[in-house]
Amino acid sequence: MKGRGFAVLVAALAAALLLAATGSLMVGSAAIPIRRMLELLTATGPSLERTILLELRLPRIVLALLVGAALAGAGTAYQGLFLNPLADPFVIGASSGAALGATMAILLRASAWGPAALPLAAFCGSLAAVGLVYLLGSAAGGRSSPLTLLLAGAAVSTIVGSLVSLLMILHDQSLSVLFNWLLGGLATTTWREIAWGGPMIAAGVLSIWLLARPLDALGLGDETAQSLGLPVARFRLAIVLAASLTTAAAVALAGIIGFVGLVAPHAARLLVGGRNARVLPVSCLLGGLLLLLADDAARSLARPQEIPVSIVTSLVGGPFFLFLLRRGSRAREAR
Amino acid sequence: MPLLAARGVACSYGTRTVLQGFDLIAEPGTLTALLGPNGAGKSTALRALSRLMRPDHGTVTLDGRDVWRLPRRELVRNVSFTPQLETAAWPMTVEQVVLLGRAPHRGWLRPYSREDREALRAALRQVELEDLGERDLDTLSGGERRRAMLARALAQNAGILLLDEPGAHLDLRHQIELFDLLRRLTRDCEVAVVLSLHDLNLASLFADRAVLLSGGQTLAQGPPGEVLTAELIRQAFGIAVETVPHPRNGATMVLPLPG
């Protein structure tokens with residue numbers, strides 16, 4: 001794809017995002033048509049509708065876009081790092097690791113120490129989990145086989161998930177708070193959370209983008225990357241740090257939301273090929289769009305009740321994952 | 001032109017020694033072939049030369065300086081390595097893969113410059129892949145893919161080209177074309193090429209020097225005609241052969257004798 005085609009694609013996706021965001025502003029228990037919306041935005045003085053719009057719906061939309069982009073960006077990085085199309089923050093345990101860190105922070109009332117405590121704890125948890133999966137999944141070094149990686153990811157996720165459950169049961173007075181958060185909550189967002197989460201995600205995704213060309217080289221194998229002068233071990237560490245930072249921010253903001261980080265990079269690669277400097281922005285845009293639409297579905301399908309958004313993404317992404325797994329195993333048999 | 005040299009290099013995987021007392025000088029304008037049976041240490045020697053593997057003993061030097069003490073960037077500007085088999089984990093176009101060869105010059109962050117584009121075009125022209133630049137690597141034939149990998153090494157613009165079995169999996173025509181190209185590069189651009197290969201006759205026809213390895217030891221080193229004797233081949237491969245001069249150019253041809 002030539003440069004112009006890429007620019008058109010990015011512009012089209014951005015337009016779709018804007019359109020979806022505007023649409024999402026109108027949807028909700030109180031429907032606000034677009035003309036009324038424009039009146040509200042230009043009006044002065046407090047009104048209930050204005051508050052709904054600016055303090056409830058808008059931050060929620062921004063959060064969905066941010067978290068979706070973060071998960072998609074981290075997914076792109078993890079897939080490139082593990083040379084494995086099935087890797088994503090959820091599958092390889094980064095999300096559950098972050099959840100464990102965040103759970104501990106919540107239980108220890110760490111938010112009293114400052115707004116950075118929760119995301120920082122999530123970051124440490126996610127780093128530890130990915131490190132463990134990496135060690136287990138590529139013990140022989142080099143390319144991890146999809147199966148080993150999945151098994152290692154599943155094992156670590158299960159262990160870490162049990163720890164989270166254990167902590168929740170031991171502190172049952174906080175159970176419902178934790179449970180809601182873990183299931184992926186975009187509902188309880190405030191601008192305050194976005195104020196720390198947004199920059200964290202931006203920093204993470206930007207770091208991944210700066211590592212895009214080395215990620216391309218790594219796609220050709222360790223030896224080739226090394227023979228082109230890439231310090232492979234140091235680079236791997238950098239990408240794990242960047243992707244885990246991004247994942248941790250997403251999890252700290254919205255709990256565990258699966259499969260966005262799996263689906264979005266795949267769709268992006270289908271659209272723009274394998275060059276990571278292009279895959280990443282497209283993947284992030286798609287991830288944001290995906291999560292926004294999933295959230296719209298989550299809050300309108302079973303009205304007046306809300307479904308946790310992670311259930312929607314899993315219902316859509318889970319089958320896609322199985323499809324990839326099946327296609328992968330068939331491709332291996334054919335070889 | 002830079003000079004890459006190995007002196008008394010020994011390498012091992014764990015406790016298993018796979019290369020011992022390996023000496024080599026990659027001279028500009030020379031095509032050197034590493035020969036020997038499977039497991040003789042050919043690939044290991046190339047890995048040691050390209051700093052992918054640290055020797056237990058001995059040194060590899062570039063212009064007299066130990067490659068392990070050189071800045072990484074400086075080494076890869078002068079020495080390129082092309083592995084035997086390369087698969088892309090993601091769909092990548094030929095151009096994209098060849099441009100990665102510019103990383104030693106451009107770094108990993110700065111956008112590719114016009115100079116890089118020119119190096120890309122020149123490299124694709126040399127391997128005759130100009131029309132396939134936008135194709136996905138996966139869609140190429142074995143020979144085209146080989147040439148794409150070679151183009152990346154050329155775009156790297158290094159004085160020393162190390163190639164691990166560049167002729168593997170190619171049909172006869174593509175093998176001959178590839179070696180013609182390598183010899184042309186050696187002569188015209190004064191590069192030093194060191195490659196491993198299995199076909200003794202190709203080595204005889206195209207290489208200036210041959211190194212015969214067996215069990216990690218160097219059995220002989222010199223012009224192919226001196227290295228490819230029936231006795232040395234028997235020692236290395238454990239088979240009986242007869243050698244005859246090529247009717248056109250007198251190069252030593254190795255004819256196996258059925259048991």
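Please read all numbers here as calculations on a predicted model, not as lab measurements.

Q: Quick one: what's the story with the overall build of chain B, residue by residue and with numbers?
A: What chain B contains, in helices and strands, is 10 helices and 12 strands. Against the 2.2 N^0.38 benchmark of 18 Å for 259 residues, chain B shows a C-alpha radius of gyration of 18 Å, consistent with a compact globule.

Q: If you had to explain the interface of chain B and chain A to someone new, which residues and values would you point to?
A: Listed as interface residues are 23 residues of chain B and, on the opposing side, 20 residues of chain A. Elements with a minimum of two residues in the side of chain B that touches chain A: α2 (72-78), β6 (79-82), α3 (94-99) and α4 (103-106) of chain B. With 3 residues, the single largest contributor to the side of chain B that touches chain A is α2(B). Looking at side-chain class alone, the side of chain B that touches chain A contains 15 nonpolar, 5 polar and 3 charged residues.

Q: Describe in detail the sheet that holds strand β7 (residues 160-164) of chain B, supporting the description with residues and values.
A: Residues and elements named next belong to chain B. Within the open sheet, the 6 strands sit side by side as β6-β7-β8-β3-β9-β10. Their pairing is mixed. For this open sheet the edge positions go to β6 and β10 (217-222), each flanked by a neighbour on one side alone. When strand polarity is set aside, the average angle formed by the axes of neighbouring strands in this sheet is 15°. Examined bridge by bridge, strand β3 (residues 31-35) and strand β9 (residues 209-214) share 4 bridges and lie parallel to one another. Across the sheet, residue Ala-33 finds its bridge partner in β9, namely Ala-210.

Q: Talk me through the environment of Arg248(B); I want residue IDs and the actual numbers.
A: You can see Arg248(B) is positioned in the loop between β11 (241-245) and β12 (252-256). Separated by 228 residues in the primary sequence, Arg248(B) and Gln20(B) place their C-alpha atoms 37 Å from one another.

Q: Tell me what's going on with the packing of helix α3 (residues 48-82) of chain A against helix α8 (residues 191-210) of chain A, and back it up with residues and numbers.
A: Residues and elements named next belong to chain A. Relative orientation of the contacting elements α3 and α8 amounts to 25°, with a least axis distance of 10 Å. Between α3 and α8, the angle falls in the class roughly parallel. The chirality of how α3 crosses α8 is left-handed. For the pair formed by α3 and α8, the contact residues are Pro-59, Val-62, Leu-63, Leu-66, Ala-69, Ala-70, Gly-73, Thr-76 and Ala-77 on the first element and Trp-191, Ile-194, Gly-197, Gly-198, Ile-201, Gly-204, Val-205 and Ile-208 on the second. A per-class count over the contact of α3 with α8 returns 12 nonpolar, 5 polar and no charged.

Q: Help me get a handle on unusual backbone geometry, residues and values and all.
A: Positive phi values are uncommon outside glycine, yet Phe259(A) reaches one of about 75°. With respect to the helices and strands, the residue Phe259(A) is situated in the loop between α11 (232-254) and α12 (260-272). Note on Phe259(A): 26 C-beta atoms within 10 Å, which makes it buried. We note that Arg51(B) has phi near 65°; this positive angle belongs to a residue other than glycine. One can find Arg51(B) in the loop between α1 (42-49) and β4 (57-62).

Q: Can you break down the confidence of the model for chain B residue by residue, with the values?
A: The predicted structure's coordinates, where accompanied by low pLDDT, should not be read in detail. Of all residues in chain B, 100% have pLDDT values of 70 or greater, and the mean over the chain is 93. This complex was scored by the predictor with a pTM of 0.88 and an ipTM of 0.91.

Q: Quick one: what's the story with the pairing of β6(B), residue by residue and with numbers?
A: Residue and element names in this part refer to chain B. Side-chain alternation along β6 places Val-79 and Phe-81 on one buried face and Ser-80 and Thr-82 on a second face that is also buried. Note that β6 and β7 share 4 bridges and pair parallel. Residue pairing for β7: Thr-82 is matched across the bridge by Leu-163.

Q: Go over α12(A) with me, naming the residues and quoting the values.
A: All names here are of chain A. Taking 1.5 Å as the rise per residue, α12 with 13 residues should run 18 Å; its terminal C-alpha atoms sit 18 Å apart, in good agreement. Burial within α12 is extensive, with 10 of its 13 residues counted as buried. When we look at burial in α12, the residues that qualify are Val-260, Gly-261, Leu-262, Val-263, Ala-264, Pro-265, His-266, Ala-268, Arg-269 and Val-272. The positive-phi residue at the C-terminal boundary of α12 is Gly-273, with phi of around 85°.

Conventions used here
- Residues numbered from 1 in each chain as written.
- Chains lettered and ligands numbered in written order.
- Predicted model: local features only at pLDDT ≥ 70, side-chain atom pairs only at ≥ 80, totals over all residues.
- Helix = DSSP H or I, 4+ residues; strand = E, 2+ residues; numbered from the N terminus.
- Rg over C-alpha atoms; globule rule 2.2 N^0.38 Å.
- Contact = placed C-beta atoms within 7 Å.
- Nonpolar A, V, L, I, M, F, W, Y, C, P; charged D, E, K, R; others polar.
- Pairing = 2+ DSSP bridges.
- Axes fitted to C-alpha atoms, helices over the stretch in contact; angles between N-to-C directions.
- Parallel < 35°, antiparallel > 145°, perpendicular 65-115°, else oblique.
- Left-handed = near helix turned anticlockwise from the far one by under 90°.
- Buried ≥ 20, exposed ≤ 12 C-beta atoms within 10 Å, placed from the backbone.
- pLDDT = per-residue confidence, 0-100.
- Expected span 1.5 Å × (residues − 1).

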